[in-house]
2 protein chains.
Amino acid sequence: MKKQLSNSKSTDVVVVGSIAFDTLETPFGKISKALGGSASYFSLSAGNFCKPHVVGIVGSDFPDTDFTILKKGNADTGSIEKAAGKTFHWQGKYHFDLNTRDTIKTELGVFANFKPVLNVNLKNAEYIFLGNIHPSLQLSVLKQIKKPKLVGLDTMNLWIETALPDLKKVISLIDIFIINDSEARQLSKEHNIYKAAKIILKMMGHNKNSVLVIKRGEYGLLLFKKTEVFHLPGLPIEDVIDPTGAGDSFAGGFFGYLALKRNANTQTLRKACLYGTAMASLCVENFGTKKLQNVNKNKIESRIKLLQKLVKI
Amino acid sequence: MKKQLSNSKSTDVVVVGSIAFDTLETPFGKISKALGGSASYFSLSAGNFCKPHVVGIVGSDFPDTDFTILKKGNADTGSIEKAAGKTFHWQGKYHFDLNTRDTIKTELGVFANFKPVLNVNLKNAEYIFLGNIHPSLQLSVLKQIKKPKLVGLDTMNLWIETALPDLKKVISLIDIFIINDSEARQLSKEHNIYKAAKIILKMMGHNKNSVLVIKRGEYGLLLFKKTEVFHLPGLPIEDVIDPTGAGDSFAGGFFGYLALKRNANTQTLRKACLYGTAMASLCVENFGTKKLQNVNKNKIESRIKLLQKLVKI
């Protein structure tokens, strides 16, 4: 097991999401059929802070080497279903500025028939992260959890456009919602990001403990609760190689840290933003999950120090 | 004289820039021939921290009421030349998102023949701010200063496109350079903002005391020195009414605070960013210079507290 940031017994975190092959090209090179997907990135990042239990599906073409990558990253892969057929395959190409990308091909494969089923142990987990998949699948996972203590959620523009009722239902049931700024604007139908945040917090039930994290790419993030707002910038990175998985890596570091600390108070949430940002900054410095596979405590902590120095007044 | 943030004798700051009439429309209303221009906004903002001596030119149509606004804002208007002809008049319309605007008309009037001449007192000033005007005018002011201690500079895309040799000359002679991110990218021919900063610091002579401030609109700013970088977000503002003058107000608060403290060390620079950001946030909450005319110490300090709370980890 990977050396973690804490020596206490790891908190169990259930994460559901996609496990995929990514074939992609950036201005700096390309990779073919590399391990990808929201659950993979989340797990490789969160594994530095907690014990991720990955719920997902792969095809019969999914190699043992990719299972090994996940396991080395501290994940329990026992709830990854291996089905007859092909693993979800995404193919894309990033533009020169790395802020936009074209999807060349999306082959759902076995993912098209994914019906997440949790085993008895996972049903008793307290920390759940609903990675970016169809909201109806997120709902079906959430329904299986007996006593959720902290539930996090990620989503994307596609579900805002095609599955809004289901998405709104999930949003009303979770504690922590992580989205990017364009999605926040789209979901709230409000351009001003502070007004947008208020509208989304309302969708979450406007509980005083609801947490909304709006990611703004290289500009960092804003964290909102009913009565507070926090800002953290991105890390100064001169060489972004491949932005794939940055959001999932953020979520893994952020949610993993909350699980490690077993609370979500103001101080822990702000520190969690640091850890999420550090993980995302590491992720983008190499292709696919390469850098995440070689992260250690020292590398993470030195990013945290950089961030703290960057914002110290 | 306005009640300032410090009770010690005000530091003299010479500011050269435009003094204009602004006729503009935003989605929230319009104003006609209101006091505007880079030197006016800078001075109304900086006047809370120092004694601005405005060097500029206006036409015979410039009303006493506008002189009074500047004087009430703590400015010395004795070096504003009143020439036969019309005052510089800018007319524009902001788009719905307030991030872009169309210039409808620019009438230079007497500004076309502006030749800044400093009196004996101003030639001995130590703190100089070269507001956004043609770099050859900025150079001519700088040449008249005998012993500059701290020189600040603002510019715009127009001069990068049409007066690059003059602009590069000024850049090589100043201590503090304030520009926005798109200008930084344009000037450095580099998209990555951290790489762009390095290139621009090199243009400044790469002195270890050179300071580059890159403004990023609602995302805040980055401050660069040779061996350090600092980030500060913008303030959460739900109702931006008119963004005109935000950059000049930032510069006024930032540079005015440095003049007040009479140094530009790391700690003072970071605090100056807070004050600049506070002044810019106040500026945009009403049309033209309206809000700046009614700013006081308490309003400024409460913004500083908000900012500190926003970034506290």
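Throughout what follows, the structure given in this document is the object of discussion. (Residues numbered from 1 in each chain as written. Chains lettered and ligands numbered in written order. Predicted model: local features only at pLDDT ≥ 70, side-chain atom pairs only at ≥ 80, totals over all residues. Heavy atoms only, no water.)

Some remarks on the sheet that holds strand β7 (residues 101-107) of chain B
All names here are of chain B.
And then number 1: Here four strands make up an open sheet; going across it, the order is β3-β2-β6-β7 and the pairing mixed. Taken across any chain shown, the strands that pair with only one partner, and hence form the sheet edges, are β3 (29-36) and β7. For this sheet the average axis-to-axis angle between neighbouring strands, irrespective of direction, equals 15°.
And then number 2: Note that strand β6 (residues 89-94) and β7 share six bridges and pair antiparallel. Looking at the pairing, Lys-93 lines up with Asp-102 of β7. (Pairing = 2+ DSSP bridges. Helix = DSSP H or I, 4+ residues; strand = E, 2+ residues; numbered from the N terminus. Axes fitted to C-alpha atoms, helices over the stretch in contact; angles between N-to-C directions.)

Considerations on the pairing of strand β1 (residues 12-16) of chain A
All names here are of chain A.
And then number 1: Most of β1 is tucked away: four of the five residues are buried.
And then number 2: Bridge analysis of β1 against strand β4 (residues 51-59) gives five bridges, and the strand direction is parallel. Within the sheet, the bridge partner assigned to Val-15 lies in β4 and is Val-54.
And then number 3: Sheet analysis places β1 next to strand β8 (residues 127-130), joined by four bridges and oriented parallel. Opposite Val-16, over in β8, you have Leu-130 as the bridge partner. (Buried < 20%, exposed > 50% of the residue type's maximum accessible area, 1.4 Å probe, protein only.)

A short note on helix α4 (residues 135-144) of chain B
Think of an α-helix as turning once every 3.6 residues; residues three or four places apart then point the same way.
All names here are of chain B.
And then number 1: For α4, the buried fraction is high: seven of the ten residues fall into the buried class.
And then number 2: Three or more residues of α4 are buried, namely Pro-135, Leu-137, Gln-138, Leu-139, Val-141, Leu-142 and Gln-144.
And then number 3: The inward-facing, buried residues of α4 abut β1 (12-16), α3 (120-123), β8 (127-130), β9 (150-154), α5 (157-162) and α6 (164-171). (Contact = heavy atoms within 4.5 Å.)

Side note on the environment of Lys-82 of chain A
Residue and element names in this part refer to chain A.
And then number 1: When you line up the elements, Lys-82 lands in strand β5 (residues 80-83).
And then number 2: A C-alpha to C-alpha distance of 8.0 Å links Lys-82 and Phe-62, two positions 20 residues apart in sequence.
And then number 3: Residue contacts for Lys-82: discarding those within four places in its chain leaves Val-58, Gly-59, Ser-60, Phe-62, Asp-64 and Phe-67.
And then number 4: Within the local environment of Lys-82, its side chain forms a polar contact with the backbone oxygen of Phe-62, the two atoms lying 2.9 Å apart. (Polar contact = N/O pair within 3.5 Å; in protein donor to acceptor, adjacent residues only side chain to side chain.)

So, the interface of chain A and chain B
And then number 1: At the junction of the two partners, chain A supplies 34 residues and chain B supplies 34 residues.
And then number 2: A buried area of about 2,900 Å², summed over both sides, lies between chain A and chain B, and 54% of it is on carbon and sulfur atoms.
And then number 3: For the chain A face of the interface with chain B, the top three residues by lost area are Tyr-219, Glu-238 and Ile-313 of chain A, together amounting to 26%.
And then number 4: The interface formed by chain A and chain B holds eight salt bridges in total.
And then number 5: For Glu-238 of chain B, the salt bridge is made with Lys-198 of chain A, and the minimal N-O distance between the two is 2.8 Å.
And then number 6: Across the chain A-chain B interface, the total number found is 17 residue pairs in polar contact (both at pLDDT 80 or more).
And then number 7: For the side of chain A that touches chain B, the secondary-structure elements that each account for two or more residues are α7 (181-188), α8 (193-203), β13 (228-232), α10 (266-283) and α12 (297-311) of chain A. (Buried area = accessible area lost by both parts, 1.4 Å probe. Salt bridge = Lys/Arg side-chain N within 4 Å of Asp/Glu carboxyl O.)

Let's talk about the packing of α4 of chain B against α6 of chain B
Residues and elements named next belong to chain B.
And then number 1: Two elements in contact, α4 and α6, have axes separated by 8 Å at closest approach and are oriented at 35°. The handedness of the crossing between α4 and α6 is left-handed. Contact residues: α4 offers Pro-135, Ser-136, Gln-138 and Leu-139, while α6 offers Asp-166, Leu-167, Lys-169 and Val-170.
And then number 2: Among the residues making up the contact of α4 with α6, the classes are represented as four nonpolar, two polar and two charged. (Left-handed = near helix turned anticlockwise from the far one by under 90°. Nonpolar A, V, L, I, M, F, W, Y, C, P; charged D, E, K, R; others polar.)

Considerations on the side chain of Thr-289 of chain A
All names here are of chain A.
And then number 1: Take Thr-289: it is sitting in the loop between α10 and α11 (290-293).
And then number 2: Within the structure, the side chain of Thr-289 is placed 2.9 Å from the side chain of Gln-293, a separation counted as a polar contact.
And then number 3: Sequence-distant contacts of Thr-289, defined by excluding residues within four places in its chain, comprise Leu-35, Tyr-41 and Leu-44.

Some points on the pairing of strand β12 (residues 221-225) of chain A
All names here are of chain A.
And then number 1: Counting buried positions over the five residues of β12 gives five, a clear majority of the element.
And then number 2: Side chains Leu-221, Leu-223 and Lys-225 of β12 all project onto a buried face; the interleaved residues Leu-222 and Phe-224 project onto the opposite face, where all are buried too.
And then number 3: As paired elements, strand β11 (residues 211-215) and β12 share four bridges and run antiparallel to each other. Residue pairing for β12: Ile-214 is matched across the bridge by Leu-222.
And then number 4: Remark: five residues form the turn of the hairpin made by β11 and β12, two consecutive strands paired antiparallel; Gly-217 in that turn has positive phi of roughly 60°.
And then number 5: Pairing of β12 with β13 involves five bridges; the strand directions are antiparallel. For Phe-224, the partnering residue across the bridge sits in β13 and is Val-229.
And then number 6: Once β12 ends, the chain turns through two residues before running back antiparallel as β13.

Notes on the relation of the copies chain A and chain B
And then number 1: Placing chain A over chain B gives an RMSD of 0.0 Å and needs a rotation angle of 180°, together with 0.0 Å of translation along the axis. Overall, the copies show the geometry of a two-fold rotation axis. When C-alpha positions in chain A are compared against the rotation axis, the closest is assigned to Tyr-219 of chain A, at 3.1 Å.
And then number 2: Of the interface residues in chain A, 100% have counterparts in chain B that sit at the interface too, so the contact is made through matching surfaces. (Least-squares fit on C-alpha atoms with pLDDT ≥ 70 in both.)

With respect to the sheet that holds strand β7 (residues 101-107) of chain A
Residues and elements named next belong to chain A.
And then number 1: The strand order across the open sheet formed by four strands is β3-β2-β6-β7, and the pairing between neighbours is mixed. Each edge of the sheet is formed by a strand with only one pairing partner; in this case those strands are β3 (29-36) and β7. The sheet shows a mean angle of 15° between the axes of neighbouring strands, direction not considered.
And then number 2: Alignment of strand β2 (residues 20-26) against β3, held across six bridges, turns out to be antiparallel.

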